[in-house]
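Chain and residue survey
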Amino acid sequence: ASGGSDWSASQVFMGHFALTDVENDRFYDFERFSRQALGLANATFENDSFAVWLQDWSIQGDGQLKPSVRLKAEENGIAIDLSLNSAKPLVLQGDDGLSRKSADEGNASYYYSATRMQTSGVISIAGDEFSVKGSSWMDREWSSTALSANQVGWDWFALQLSDGRDLMYYQLRQQDGQVDPFSSGTLVMPNGSSASLSNGDVEIEVLDTWTSPRGTKYPSRWWLRVPSAGLELELVPHVADQELHVSITYWEGAVRVSGTAGGLPIQGQGYVE
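What counts and how
- Residues numbered from 1 in each chain as written.
- Predicted model: local features only at pLDDT ≥ 70, side-chain atom pairs only at ≥ 80, totals over all residues.
- Heavy atoms only, no water.
- Buried < 20%, exposed > 50% of the residue type's maximum accessible area, 1.4 Å probe, protein only.
- Helix = DSSP H or I, 4+ residues; strand = E, 2+ residues; numbered from the N terminus.
- Pairing = 2+ DSSP bridges.
- Polar contact = N/O pair within 3.5 Å; in protein donor to acceptor, adjacent residues only side chain to side chain.
- Contact = heavy atoms within 4.5 Å.

1. Digging into the pairing of strand E14 (residues 166-174)
Successive side chains on a regular strand alternate, one facing one side of the sheet and the next facing the other. For E14, the buried fraction is high: eight of the nine residues fall into the buried class. Here nine bridges tie strand E13 (residues 151-161) to E14, and the two strands are oriented antiparallel to one another. Considered in E14, the bridge of glycine 153 is made with arginine 173.

2. Here we look at the side chain of glutamine 151
In this structure, glutamine 151 sits in strand E13. Engagement of the side chain of glutamine 151 in a polar contact is seen with the backbone nitrogen of serine 148, the distance being 3.0 Å. Polar contacts involving the side chain of glutamine 151 include one to the side chain of aspartate 180, which spans 3.1 Å. If sequence neighbours within four positions are ignored, glutamine 151 has contacts with Lys101, Ser102, Leu172, Arg173, Gln174 and Asp180.

3. A look at the environment of aspartate 176
Relative to the helices and strands, aspartate 176 is located in the loop between E14 and strand E15 (184-188). Aspartate 176 gets classed as exposed once you look at its relative accessible area, which sits at 54%. In sequence terms aspartate 176 and asparagine 150 are 26 residues apart; their C-alpha atoms lie 8.4 Å from each other. Within polar-contact distance, the side chain of aspartate 176 engages the backbone nitrogen of glutamine 178 at 3.0 Å.

The structure is reproduced here in structure tokens:
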């Protein structure tokens, strides 16, 4: 959930909640709005603890450098109740947490990530409950402006690899179809140390596309290479249709990762927007 703009005397909060059911090839997505008034939605931080809620959707946690988080949400029989604990320190993206998106003044965001969070809890689908364990990724990004006039969109990748490394990279697209030089990312090592990646460090090739029933064509399979790190990765969506039908329609979903690292086989999981 994220804060919105001022509206009358209180803020409006917006939340998106999505779940990919890989086995049944289903994708569920929901959107919700609520005012801050009457305590229906809010965000607080006090004594190293934080909470964000939008009615009965909530994110609560403790700790700043290695946060622990509880996620709860339910809509139309789809529900999550998950506990997340950081296994690595926070990563400050960009220049010590300031991620520039163009040369224009103001086109930047503050951005940090918890790239490995040990996760356990329950997922419910239409009355069936599943106990789950795994690894989560948490991003926090906020800004006052979006893209520059010459930028039309982005492809954003967050990948957890089987050798213990994590990779975040966003590729900004210009109106002429070229990759914007402000595209960048971070490679996080198993011990939590990290190295910045510039546009010249990463090569992305779209191998396939998927066309939504609503007409939009999206990239749907990728080669992602980081030669300096010895990575050659193929990313394939678990489910082709992971398009969110919300206020701003976009594709964001789970992918499986395979390829090589220094010539040796590697696997992984990730999320692509």
